[in-house]
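# Notes for the structure review
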Amino acid sequence: MKKLSIIIPAKNEEKRIARSLSNYASFFASREDLETEIIVCISESKDRTSQIVDEYVSKFPFIKKILSPYNLGKGGAVSLGFKSSTGDFVGFTDADGAISPSEFFKLFSFLEETPWLDGAIGSRTMGKTKMSTRRRVLSNVFNIYVKLFFNLPYRDTQCGAKVFRRKQALSISNKLSNTGWAFDVNTLLV
């Protein structure tokens, strides 16, 4: 049986993490055809994120928590999660729950069924993700710059849903040079 590791980076996410964990835990607990681990990497949170995650860790044995007292940035938290994962496939999603578990599962399924690919990335513009008009415009402008400067052909480099084969996930975590806001682009370049 294949194993999927899902990394959720979190910093000061007390208002959103419970809904995300509840949705992901419920969806993946019901999948008998797939072993799943969810690793929440908490980076220098100053709110109740850690305590809320603890409640889910006690209810669901496949949820784990990694706590860092330092600000790792989103990329640093994802990288730490990649290194701590045990899945054949390793991916990450944002704590805001913008990408539903069923959409995330589609990424995993696509990658599993396509053995010649190393990774699959989501796109907020093609899925059912809700984005404000302002955010959608900024995202589109940013992606135009990324295409021009880095020659990356992806529609939405900033989408917080990406899945990789284990070997590639570990390679990415060892080669990242940016753990801040440009982390997603750095991941795709690596």
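This text gives an overview of the structure that appears in the document. Note that the structure is predicted; figures quoted are calculated from it, not measured. (Residues numbered from 1 in each chain as written. Predicted model: local features only at pLDDT ≥ 70, side-chain atom pairs only at ≥ 80, totals over all residues. Heavy atoms only, no water.)

## Points about the overall build of the protein chain
What counts, and what does not: Strands here are runs of E lasting at least two residues and helices are runs of H or I lasting at least four, both read from the DSSP assignment and numbered beginning at the N terminus. Pairs of residues are marked as contacts when any of their non-hydrogen atoms sit within 4.5 Å. Here the open area of atoms and residues is found with the Shrake-Rupley method and a 1.4 Å probe, where only the protein chains shown may cover a residue. For this count, His and the chain ends are skipped, Lys and Arg are scored as positive, and Asp and Glu as negative. Lysine's charge is taken at NZ, arginine's at CZ, aspartate's at CG and glutamate's at CD.
A count of helices and strands for the protein chain gives 7 helices and 6 strands. Each helix and strand of the protein chain, placed in order from N terminus to C terminus, yields the pattern β-α-β-α-β-α-β-α-β-α-β-α-α. In terms of overall dimensions, the protein chain has a C-alpha envelope of 45 × 40 × 30 Å along the principal axes. For the protein chain, long-range pairs separated by at least 24 residues make up 76% of all intrachain contacts whose partners lie at least 6 apart in sequence. Accessible surface for the protein chain amounts to roughly 9800 Å². Of this, 54% is attributable to carbon and sulfur atoms. Charged side chains in the protein chain number 28 positive and 19 negative. The centres of these two groups are separated by 5 Å.

## Remarks on the layout of surface pockets
This is how it is decided: Here a cavity denotes a set of grid points, spaced 1 Å apart and computed over the protein atoms alone, in which a 1.4 Å probe fits but from which it cannot get out, and a pocket denotes an open set meeting protein on both sides within 12 Å along at least five of seven lines; residues with an atom within 4 Å of a point are reported as lining. Grid points are joined across faces, edges and corners, and a volume is the space filled by probe spheres set on the points. Each residue is assigned to one of three groups, with Ala, Val, Leu, Ile, Met, Phe, Trp, Tyr, Cys and Pro labelled nonpolar, Asp, Glu, Lys and Arg labelled charged, and all others, Gly among them, labelled polar.
Empty space within the largest pocket amounts to approximately 340 Å³. Lining the largest pocket are 16 residues, with Asp-118, Gly-119, Ala-120, Tyr-154 and Phe-164 sitting closest to its centre. Every element with two or more residues in the lining of the largest pocket is listed here: helix H4 (101–112), strand E5 (119–121), helix H6 (166–175) and helix H7 (183–189). By residue number, the principal contributor to the lining of the largest pocket is H6, which donates 4 residues. Residue composition of the lining of the largest pocket, by class: 10 nonpolar, 4 polar and 2 charged.

## Observations regarding the packing of helix H1 (residues 17–29) against helix H2 (residues 49–59)
Here is the rule: Here, axes are lines fitted to C-alpha atoms. For helices the fit covers the stretch in contact, and angles between N-to-C directions go from 0 to 180 degrees. Working definition: roughly parallel below 35 degrees, roughly antiparallel above 145 degrees, roughly perpendicular at 65 to 115 degrees, and oblique for all remaining angles. In a left-handed crossing the near helix is turned counterclockwise from the far helix by less than a right angle, and in a right-handed crossing that turn is clockwise.
Put simply, H1 and H2 touch, their axes get as near as 10 Å, and they point 20 degrees apart. Taken together, the axes of H1 and H2 are roughly parallel relative to one another. Crossing geometry of H1 relative to H2 is assigned as right-handed. Packed against H1, whose contacting residues are Ile-17, Ala-18, Leu-21 and Ser-22, the element H2 presents Thr-49, Ile-52, Val-53 and Tyr-56 at the interface. In terms of residue class, the contact of H1 with H2 is made up of 6 nonpolar, 2 polar and no charged.

## Here's the deal with a nonpolar patch on the surface
Short version of the rule: In this analysis, a patch consists of residues with relative accessible area above 30% that form no salt bridge, clustered at 9 Å for like charges and at 5 Å for the nonpolar side chains Val, Leu, Ile, Met, Phe, Trp and Tyr. For this document, the term salt bridge refers to a Lys or Arg side-chain nitrogen within 4 Å of an Asp or Glu carboxyl oxygen.
On the surface, a cluster of nonpolar side chains totalling about 830 Å² of accessible area is made up of Val-137, Val-141, Ile-144, Tyr-145, Leu-148, Phe-149, Phe-150 and Leu-189. Counting residues per element, the nonpolar patch draws most heavily on helix H5 (residues 133–150), which supplies 7 residues. Inspection of the secondary structure puts Ile-144 in helix H5.

## Section: the side chain of Ser-43
What counts is decided by this rule: Three exposure classes are used, based on accessible area relative to the maximum for each residue type with a 1.4 Å probe and protein chains only: buried under 20%, partly exposed in between, and exposed over 50%. Polar contacts here mean pairs of N or O atoms no more than 3.5 Å apart (in protein, one a potential hydrogen donor and the other a potential acceptor; neighbouring residues in sequence count only if both atoms are side-chain atoms).
Within the secondary structure layout, Ser-43 lies in strand E2 (residues 35–43). Ser-43 sits in the buried class, given a relative accessible area of 3%. A polar atom in the side chain of Ser-43 sits 3.1 Å from the backbone oxygen of Tyr-70. When sequence neighbours within four positions are dropped, the list of residues in contact with Ser-43 reads Ala-10, Lys-11, Ser-68, Tyr-70, Asn-71, Leu-72 and Gly-73.

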